[in-house]
Amino acid sequence: MKRTLGVCYYPEHWPQAMWASDARRMAQAGITWVRIGEFAWSRLEPEPGVFDWDWLDSAIEVLAAEGLKIVLGTPSATPPRWMLDRFPDMLAVDAAGQPRRFGSRRHYCHSHAGYRKAAADMALQLGKRYGRDARVAAWQIDNEYGCHDTVLSYSEAARVGFRDWLGQKYQSIGALNRAWGNVFWSMEYETFDQIDLPNLTVTQPNPAHEMAFRRFASDQVVAWNAAQVVALRPLTDAPLIHNYMGRVLEFDHFAVARDLDIASWDSYPIGFLSDRLEGDAAHKARYLRQGDPDMQAFHHDLYRALNNGRWWVMEQQPGPVNWAPFNPAPLPGMVRLWSWEAFAHGAEVVSYFRWRQAPFAQEQMHAGLLRPDDQPAPALEEAAQVATELTTMPEVAPTQSPVALIFDYASDWAWRTLPQGADFDYFRLVFETYRALRRQGLSIDILPPNASVGDLHGYKALFAPGLASVSSELMGALADAAIPCLLGPRSNLMTPEMSTALPLGPGIFGLDARVVRVESLPPASARAVEGGGAVVHWTETLEGDAIALLEHTDGNPLLVQAGHMHYLGGWPDAALWDRIVALLCADVPLTLLPDGLRLRDTATHRFAFNYAPEPVTWNGRTLKAADVTWWPLPLPD
Ligand code: GAL
């Protein structure tokens, strides 16, 4: 498959006289795709029921005349002001009970049936007009579900929907009371209609109640997306896509993806480093202009798992963004590096956000490929360089990685609901596992929590940290897989209803180990491990006769084993992770990489990416800061 570039464009922001030269310059830069329309509702339907297609017809015509392929967005992330007059109760409500008002975007509650139908009707209108238009070669539905904290809504529509969802799930109020343990604190209900959303309680709500609400909220996003899919599907053969975000975990992306054809995500490496990643000041200073060396790759691998390997970067950061606390510019070369990294992880398309920096409104400080005065910004040349390189690069087809890592959205909800320690964060735990594997030069595939034994075929090791509850199917698949598998810390210690598993977990067949006590640790405290490294954030006391591969210096077991199954009773620091990866990956060649260098293998090539701010030498080549290089595989010995 030919890998291509795209760009996000807002014809409605610019005089029509500029469109033709924009299209020409996009084509000259080697761009293939142009995404339009996803926020343009107020121009597409200026009054209820009055549609204006003329400008969009012209924009499509002008762009397609230069050979550009259109990705058309449904505009449901930005309902126009009149929609609120129609549905005054359509706004999401925050946990403090305040409506999230008009004046920016994503101002809707996924549970509101009226707005959900209005959005599906808009998708239908767009589908009728452009569904069979070959120039529209892909669709984007909505924009970034969950961005700006928009999954959990405490609206009246959500309350009504939640009660209905609970009734369907539990069938009788007695079953719900038993499942949630509502005898505790006299929380028993007599009818489903008495159940409120789990906000504004005096102290912590029942974790089972909160977990049920989180599952419900995720299902609402799935149903919301599906409503537009149902409208569009019969009208087009072009693929349906959604653009996910980085570290947005409040809904199950695997479930949304089941209704779509291609996954995509919006990659803002420098914004994410500043805005949503842990890391000490030294780490943040070192990667200030490059982004974290594992954050992009992690999401590439996660989103590659959603639709059988089909995924894009729908928005790629091109320069300083506007929304993080601090917004430095990328090192020269980083836009090229990020683009190639995505292709090496299997992206079909990398699309830059945005074509020209807007001179007005919220994002006027956000860079584009062009400056607001229409002059090239530094990223334009880098994008053009990638386009040229793509024409000479042979196929970059992905291949199976040696190790697999399980990612489970419900485990994030479980540990948010019952963290037990302020530093226990599921994403952070999985991400540190991923980082430990990548530091050793490994390529990684991410798998869903319902992976079957067939899905595990061909891997040499599997990691599943922090899985709140492991289904009996997955436990069986791991047992049958006969490759080294690591569960823990905190794996399979809870039921899906947020009760303590009894008998005590992890309940691994043939592994005589029980977690009899857990402790969370504050920052700067650690529990030392015999032979080097330490446990941080979270430590468990294990009982049982399983063989201990690693022990704490106090003699208590930390990593226990029976056959190929392993359980880890603590959260490792980086030094301990290196030892654990070496133990589990005895059958995989490991290479401890220089700080900031990362590798990724495709079917035919090994790529190296230098995220470090200084030159790095590896395998006979020196990569300057922000450089990318690749070798054909196999490498000579
Ligand atoms: C994304 C969003 C875009 C734009 C961009 C700015 O989250 O999808 O519309 O706001 O961020 O970085």
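Residues numbered from 1 in each chain as written. Predicted model: local features only at pLDDT ≥ 70, side-chain atom pairs only at ≥ 80, totals over all residues. Heavy atoms only, no water.

**Q** Summarise the overall build of the protein chain; cite the residues concerned and give the values.
**A** Check the secondary structure of the protein chain and you find 18 helices and 24 strands. Relative to its length of 637 residues, the protein chain is compact, with a C-alpha radius of gyration of 25 Å against a globular reference of 26 Å. When burial is assessed residue by residue, the protein chain has 58% of its 637 residues classed as buried. Contacts in the protein chain between residues at least 24 apart in sequence constitute 71% of all its contacts with a sequence separation of at least 6. For the protein chain, the accessible area works out to roughly 24,100 Å², and carbon and sulfur atoms hold 54% of it. (Helix = DSSP H or I, 4+ residues; strand = E, 2+ residues; numbered from the N terminus. Rg over C-alpha atoms; globule rule 2.2 N^0.38 Å. Buried < 20%, exposed > 50% of the residue type's maximum accessible area, 1.4 Å probe, protein only. Contact = heavy atoms within 4.5 Å. Areas by Shrake-Rupley, 256 points an atom, 1.4 Å probe, with all protein chains shown as cover.)

**Q** Requested: an account of the side chain of Asp 627, with residues and values cited.
**A** Summarising the element assignment, Asp 627 is placed in the loop between strand S23 (621-623) and strand S24 (628-632). Classification of Asp 627 by relative accessible area gives buried; the value is 16%. At 3.3 Å, the side chain of Asp 627 forms a polar contact with the side chain of Arg 336. (Polar contact = N/O pair within 3.5 Å; in protein donor to acceptor, adjacent residues only side chain to side chain.)

**Q** Outline a nonpolar patch on the surface, listing residues and values.
**A** A contiguous nonpolar patch, built from Val 183, Phe 184 and Trp 185 and spanning about 410 Å² of accessible area, is present on the exposed surface. Relative to the assigned elements, Val 183 resides in the loop between helix H7 (173-180) and helix H8 (207-232). Of the residues examined, Val 183 reaches a relative accessible area of 63% and is grouped as exposed. (Patch = residues over 30% accessible without salt bridge, like charges linked within 9 Å, V, L, I, M, F, W, Y side chains within 5 Å. Salt bridge = Lys/Arg side-chain N within 4 Å of Asp/Glu carboxyl O.)

**Q** Report on unusual backbone geometry, specifying residues and quantitative values.
**A** Outside of glycine, negative phi angles account for most residues, and trans bonds account for most peptide bonds. The peptide bond linking Leu 502 to Pro 503 adopts the cis configuration, its omega dihedral lying at -5°. Following Gly 505, the chain continues to Pro 506 via a peptide bond in cis, the omega torsion being 15°. Among the structural elements, Pro 506 can be located in the loop between strand S12 (485-487) and strand S13 (514-520). Of note, Asp 149 is a non-glycine position whose phi angle comes to about 60°, a positive value. Within the secondary structure layout, Asp 149 lies in the loop between strand S4 (136-140) and helix H6 (156-170). What makes Asp 149 exposed here is its relative accessible area of 53%. In this model, Arg 490 sits at a positive phi of 60°, which is unusual for a non-glycine residue. The topology assignment puts Arg 490 in the loop between S12 and S13. For Arg 490, a relative accessible area of 5% gives the class buried.

**Q** An account of the sheet that holds strand S8 (residues 349-352) is requested, with residue identities and associated values reported.
**A** With parallel pairing, the 8 strands of this closed barrel are ordered in space as S1-S2-S3-S4-S5-S6-S7-S8. Mean inter-strand twist for the sheet, computed between neighbouring axes without regard to direction, equals 25°. Here strand S1 (residues 4-8) pairs with strand S2 (residues 33-36) via 3 bridges, running parallel. Counterpart to Val 7 in the pairing with S2 is Val 34. Against the sheet, helix H12 (residues 295-304) engages strand S5 (240-244), strand S6 (262-267) and strand S7 (311-316), with an angle of about 165° to S6. Relative to the sheet, helix H13 (residues 334-344) contacts S1, S7 and S8, its axis offset from that of S8 by approximately 150°. (Pairing = 2+ DSSP bridges. Axes fitted to C-alpha atoms, helices over the stretch in contact; angles between N-to-C directions.)

**Q** Describe the packing of aromatic side chains, and please don't skip the residues or the numbers.
**A** Summed over the entire model, instances satisfying the criterion amount to 43 aromatic pairs. For the ring pair Phe 607 and Phe 609, a centre distance of 6.0 Å and an interplane angle of 5° mean the geometry is stacked. The exposure class assigned to Phe 607 is buried, which follows from its relative accessible area of 0%. Residue classification places Phe 609 among the buried positions, given a relative accessible area of 0%. Here a set of aromatic residues connected by ring pairs shows up, and it is made of Tyr 10, Phe 39, Tyr 145, Tyr 244, Phe 251, Trp 265, Tyr 268, Phe 272, Tyr 303, Trp 323 and Phe 353. Sitting over the ring of Phe 102, Arg 81 keeps its end group 5.8 Å from the ring centre. (Phe/Tyr/Trp six-rings, centres within 6.5 Å; stacked < 30°, edge-to-face > 60°. Lys NZ or Arg CZ within 6 Å of the ring centre and 35° of its normal.)

**Q** A description of the pairing of S6 should follow, citing residues and the corresponding values.
**A** With 6 of its 6 residues buried, S6 lies for the most part within the structure. A two-sided burial pattern is seen for S6, the buried positions comprising Ile 262, Ser 264 and Asp 266 on one face and Ala 263, Trp 265 and Ser 267 on the other. Where S6 meets S7, 5 bridges bridge the pair, whose relative direction is parallel. Each bridged residue has a counterpart across the sheet, and for Ala 263 the counterpart in S7 is Trp 311.

**Q** Describe the pattern of salt bridges, naming the residues involved and giving the relevant values.
**A** Under the definition given, this model contains 41 salt bridges. Notably, a salt bridge pairs Arg 35 with Glu 38, separated by 2.7 Å at the nearest N-O pair. Each member of the pair, Arg 35 as well as Glu 38, carries the same accessibility label: buried. Between Asp 445 and Arg 304 there is a salt bridge whose closest N-O contact spans 2.8 Å. A residue pair is termed long-range when its members are at least 10 positions apart, and Asp 445 in strand S10 (residues 444-447) and Arg 304 in helix H12 qualify at 141 residues. As far as the burial class goes, Asp 445 and Arg 304 line up, both buried. Each of the salt bridges in this network shares a partner with another, and the network as a whole consists of Asp 292, Asp 294, Glu 341, Arg 435, Arg 438 and Arg 598.

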